[in-house]
Amino acid sequence: MWISRWFVLKTLKARLRFFGIFLVLMVGLLITGSYILAEYSQTEQNVIGSMRKNGAVQQTVIDNWFSARAAEIRNLANLQSAEQGDLPDLEKDLAFFASNQREFESVSFAGGDGIVEFSTGNQLGAYFSDRTYFEEAAKGKEYISDVVIGKVSGQPTILFSSPVRDSAGRFSGVVFGSVSLRSIDQLMAQFRNGASGESYLIDRGGQMITESRFSESRKRLESKVNSEILNRALLEDLSTSVYTNYHGKKVLGTYQFVFHKKWIAVSEIEVNEVFRPFYTQLVIVSLITFLVLALGAFLMLRISSSIERPIQHLLKGVHRLEWGDYDFKVEYEGIASAPVELVRLCEAFNRMSQTIRNKNEALTLQSEELSRSNAELEQFAYVASHDLQEPLRMVASYVQLLEKRYKGRLDQDADDFIHYASDGAHRMQNLINDLLAFSRVGTKGKAFKPVDSEVVLQHVLANLQQAAKENGATITHDPMPTITADSTQVAQLLQNLIGNAIKFCDPARAPVIHIAAELREEEWLFSVRDNGIGLDPKYRDKIFQIFQRLHNKTKYPGTGIGLSICKKIVERHGGKIWVESVPGVFTTFYFTLPDRRSMDQ
């Protein structure tokens, strides 16, 4: 079939050209109805112009209505009786105002403590300090509420408020009044167009502020308008257009923002009423348009199908690759209509899949080798440190025996040599013990269980009680949470950090240490803060490396492994540790531990 062969375009470029030609042909067909459409457009533009003018007037009238009500409340708040705090005179003024106007259902005054001291409604003695209008008044601001249901009338109302200040300019209360929507309904009724026209107010969520003219089931604040005019208003798009309104009628409508853009004033008139003389022409043009669009839709479906099928095959391959199926190949040979570009893309995908597979296999081998290497290193460190204990203990014992028997019986050099040997053996024992502890973090750790860190912290503070007493340290802490962890290692972690805070104190002041814990998203953030000697920020990473020391061992004893153990413990628990410090001012160690209870849930 030559027609079938003609439609099978091999390249994306050819298909786009065909689609462009099709659009040109479609435009040519639509030109046949250009006269009718031109007349239609002219009539539409005339109606649009008239509706826009009415909309501008409508916007001005409604906004002026709001400004007038706000000004009335403002004037009441600025009365001399209000400024002087003369409650009897203020009550007379408010009562006089309420009885000589038609807009406000009630007028009230609340003092600076939020208690209503006068009200023409049933609100006397009410406590309103937590209301938005009172809070705004306390800030010196006027306030106009959204539509709310009045507690007294049970009807939709709007609340206006203005702050009252005394003669010294201090906030002393708020005057507020409730207005029903009857006046707004009357205003909107003035802007109806024709027998089928309607003017109504909606908020940005589509809730109807005014009653529906055509549908009894559409109640204010209980019904939502779902039509194109709402979407256009929210996007601030073309203000006037033809669309289907909320009760299913084809209308020509326009919108204007009112009330500081909180509401949308919509004016509509049915298209049938506006364009009745043009129905015959519109039917003809609609038939032509329908036929052209049907043909265009058929061709679009044919073209899009030929592009979509290979893309779907490629997408399937991407998902399989995402799931780790590196053996999957995109089969494109059977897709006769696939464009050349997409065929080449499928071939490239298959090559990429094979490349990823090869690299993933190599990465897996490297990961396994690294895991074995790390396990061997940990085992070596454990065995080496454990096996060194016995000969070192023997050396230390004999050196101590020499010191006990011959101290003072030989010359001073011999005493010094014996002391150096004893001190070196002692430091070597500490180093091996710390190295052994370091290696055991990963190999001898306990299973994670729920742990009350408050209990763990109390045990740690008991262990450090003597050191804290000797240095005059003050240690405080926040309430500690229950975590899922290795209790022994958490105790070791806290003891190292608090012990360092005591040890590295400033000689000029007593140590002050605080331990805090805070839940952030799915992890606990712990901190240990002190007022010690601090450290230079350039050493923030170095201190967590094994055997790294920033001070002379004679001034601050230690092996330089403690913070390395802390880092390893935190990382074993799936957290991270870091430090912030200002030299001579403070040091804070932070570490995180996952909140595994929330993970389980």
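What counts and how
Residues numbered from 1 in each chain as written. Predicted model: local features only at pLDDT ≥ 70, side-chain atom pairs only at ≥ 80, totals over all residues. Heavy atoms only, no water. Core = buried A, V, L, I, M, F, W, Y, C linked by side-chain atoms within 4.5 Å. Buried < 20%, exposed > 50% of the residue type's maximum accessible area, 1.4 Å probe, protein only. Helix = DSSP H or I, 4+ residues; strand = E, 2+ residues; numbered from the N terminus. Contact = heavy atoms within 4.5 Å. Arc of directions from axis to C-beta. Phe/Tyr/Trp six-rings, centres within 6.5 Å; stacked < 30°, edge-to-face > 60°. Lys NZ or Arg CZ within 6 Å of the ring centre and 35° of its normal.

Draft legend 1. Molecular detail of the nonpolar core. In terms of nonpolar packing, the biggest core is built from 38 residues, with I483, L494, L497, I498, F526 and F591 touching the most fellow members. Among the secondary structure elements, those contributing two or more residues to this core are α13 (453–463), β13 (482–485), α15 (487–503), β14 (512–520), β15 (523–530), α16 (562–572), β16 (577–582) and β17 (586–594). Sorting elements by how many residues they give to this core places α15 first, with seven residues. Those residues in contact with F526, other than ones at most four positions away along the chain, are S453, M480, P481, I483, A516, A517, F589, Y590, F591 and L593. Among the nonpolar cores identified, the runner-up in size contains 32 residues, and I144, I158, I209 and W263 belong to it.

Draft legend 2. Broad picture of helix α7 (residues 182–189). For α7, every residue scored as buried is listed here: S183, I184, L187 and M188. Relative to the axis of α7, the buried residues are bounded by an arc of 135° and lie together on one face.

Draft legend 3. Local environment of the packing of aromatic side chains. Under the definition given, this model contains 16 aromatic pairs. Taking the centre distance of 5.1 Å and the plane angle of 90° together, the rings of W65 and F66 count as edge-to-face. With respect to class, W65 is no different from F66; both count as buried. Judged by centre distance (4.8 Å) and plane angle (40°), the ring pair of Y133 and F176 falls under tilted. Of the two residues, Y133 sits in helix α6 (residues 132–138) while F176 sits in strand β6 (residues 171–180), which places them 43 residues apart along the sequence. The pair formed by Y133 and F176 is uniform in burial state, with each residue classed as buried. In textbook terms, an aromatic cluster arises when at least three aromatic residues are bridged by ring pairs, as seen for W65, F66, F97, F104, F160, F259 and W263. Directly above the ring of F586 sits R529, whose terminal nitrogen or CZ lies 4.1 Å from the centroid.

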